[in-house]
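Working through the structure, step by step
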Amino acid sequence: MELKEYQKKTLEQVKLYLESLAESKVNIPKYFTLEAWEKCGLTSYNRKLNGLGEELPDFYLKIPTGGGKTLLACHTIDLINRIYLKKQTGIVLWIVPTTQIYRQTLANLKNREHPYRQVLDISSAGRTVILQKMDRFTRLDVQENLVVMLLMLPSASRRNKEVLKVFKDSGSFGEFFPLEDDIRGNKEILEKGCKNFTWKYFKNPETYSHH
């Protein structure tokens, strides 16, 4: 699917920011997100930290209705992995606002003939795995594939006990973490830290811009 001119410009801005991030993280690790932001001439910087107090890159895309948000999302995943994370595997949490969009997005991402899926398959060298929130996956799945987990926005809310079920420990992901009495393992994972990236976008704004 050929990109429109404004979509190309959007992805060029994303690419520029990611290149600045990768460079600044090496040269100025303590404040690399701010450094990269300023290098790109962007304003309205809001500092974000992860659970370990580390710098967390964060940016938003505002795209108009019918502007190809899902297609841009797929291309952005590719750019993040290729330029910033420098890998083809990992896990992506893809959150959508409504049931209708959820079903449509799920069907398109699972269809290997659809342009959205094709972009992801090129990014992952054909190792794309599409999951829903109750599907099981392992550390090996994430290491060897690009795992995209689809989640509906209400499921991520913390408003009541019903929606909190998404946070319930299913006992299926223990291999991602050291055992409680594994002192060395727990120390290593804390020292290694988390390399997180958050990409968010708003639905149906009147205009599009880069932040």
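The sections below set out a description of the structure shown in this document.

Calculation notes
- Residues numbered from 1 in each chain as written.
- Predicted model: local features only at pLDDT ≥ 70, side-chain atom pairs only at ≥ 80, totals over all residues.
- Heavy atoms only, no water.
- Helix = DSSP H or I, 4+ residues; strand = E, 2+ residues; numbered from the N terminus.
- Contact = heavy atoms within 4.5 Å.
- Areas by Shrake-Rupley, 256 points an atom, 1.4 Å probe, with all protein chains shown as cover.
- Axes fitted to C-alpha atoms, helices over the stretch in contact; angles between N-to-C directions.
- Parallel < 35°, antiparallel > 145°, perpendicular 65-115°, else oblique.
- Nonpolar A, V, L, I, M, F, W, Y, C, P; charged D, E, K, R; others polar.
- Phe/Tyr/Trp six-rings, centres within 6.5 Å; stacked < 30°, edge-to-face > 60°.
- Pairing = 2+ DSSP bridges.
- Core = buried A, V, L, I, M, F, W, Y, C linked by side-chain atoms within 4.5 Å.
- Buried < 20%, exposed > 50% of the residue type's maximum accessible area, 1.4 Å probe, protein only.
- Patch = residues over 30% accessible without salt bridge, like charges linked within 9 Å, V, L, I, M, F, W, Y side chains within 5 Å.
- Salt bridge = Lys/Arg side-chain N within 4 Å of Asp/Glu carboxyl O.
- Right-handed = clockwise from strand over helix to strand, strands pointing away.
- Left-handed = near helix turned anticlockwise from the far one by under 90°.

Turning to the overall build of the protein chain, a few remarks are in order. When its secondary structure is counted, the protein chain shows seven helices and six strands. A sequence separation of at least 24 residues applies to 63% of the contacts in the protein chain between residues at least 6 apart. Accessible area for the protein chain stands at about 13200 Å²; split by element, carbon and sulfur atoms hold 53% of it.

Running from amino to carboxyl end, helix H3 (residues 69–85) crosses helix H5 (residues 115–124) at an angle of 0°, the nearest separation of the two axes being 9 Å. By the criterion of interaxial angle, the relationship of H3 to H5 is roughly parallel. Side by side, H3 and H5 meet where Thr70, Leu71, Cys74, His75, Ile77 and Asp78 of the first sit next to Tyr116, Val119, Leu120 and Ser123 of the second. Looking at the contact of H3 with H5, its residues break down into six nonpolar, three polar and one charged.

Now for the packing of aromatic side chains. Scanning the model with the defined rule gives three aromatic pairs in all. Following the ring pairs from residue to residue traces out a cluster consisting of Tyr17, Trp37, Tyr45 and Phe59.

Glancing now at the sheet that holds strand E3 (residues 128–132). Within the open sheet, the three strands sit side by side as E2-E4-E3. Their pairing is parallel. The open sheet has two edge strands with one neighbour each: strand E2 (90–96) and E3. On average, each strand axis in the sheet is inclined to that of its neighbour by 25°, with strand direction left out of account. Two elements, E2 and strand E4 (residues 146–152), share seven bridges in a ladder whose sense is parallel. The residue of E4 that forms the bridge with valine 96 is methionine 152. Each of E2, E3 and E4 is contacted by helix H4 (residues 99–110), which is oriented at about 160° to E4, the strand it contacts most. Sheet strands touched by H5: E3 and E4. Its angle to E3, the strand with the most contacts, is close to 125°.

Our focus in this paragraph is the nonpolar core. Judged by nonpolar contacts, the single largest core of 36 residues is most densely connected at Leu18, Trp94, Leu109 and Val148. For this core, the secondary structure elements donating two or more residues are helix H1 (5–27), helix H2 (32–39), strand E1 (58–62), H3, E2, H4, H5 and E4. Counting residues in hydrophobic clusters, the runner-up holds five residues, among them Leu131, Phe137, Val147 and Met149.

This part covers a nonpolar patch on the surface. Side chains of Ile28, Tyr31 and Leu34 sit close together on the surface and give an oily, nonpolar patch of about 230 Å² of accessible area. Inspection of the secondary structure assignment puts isoleucine 28 in the loop between H1 and H2.

Turning to the pairing of E3, a few remarks are in order. One ladder, built from five bridges, connects E3 with E4; its direction is parallel. The residue of E4 that forms the bridge with isoleucine 130 is valine 148. Note that the unit made of E3, helix H6 (residues 139–144) and E4 has a crossover that is right-handed.

Next up on the list: the side chain of histidine 75. Tracing the sequence through the fold places histidine 75 in helix H3. Exposure remark for histidine 75: the relative accessible area of 18% places this residue in the buried category. Ignoring any residue separated from it by four or fewer positions in sequence, one finds histidine 75 in contact with Leu3, Leu11 and Val119.

Right, let's talk about the pattern of salt bridges for a bit. Tallied over the full model, the rule gives six salt bridges. A salt bridge links aspartate 58 to lysine 48, with the nearest nitrogen and oxygen atoms 3.3 Å apart. Of this pair, aspartate 58 sits in strand E1 while lysine 48 sits in the loop between H2 and E1, placing them 10 residues apart in sequence. Salt bridges sharing common partners tie together Arg112, Arg117 and Asp121.

Turning our eyes to something else, we now look at the packing of H4 against H5. Each pair of packed helices gets described by two things: the angle between the helix axes and the distance between those axes. Contact geometry for H4 and H5: axes closest at 6 Å, N-to-C directions at 55°. Classified by the angle their axes make, H4 and H5 are oblique. Read as a crossing pair, H4 and H5 show a hand that is right-handed. Each of Asn108, Leu109 and Lys110 in H4 lies in contact with H5, whose residues at this interface are Tyr116, Arg117 and Leu120. Among the residues making up the contact of H4 with H5, the classes are represented as three nonpolar, one polar and two charged.

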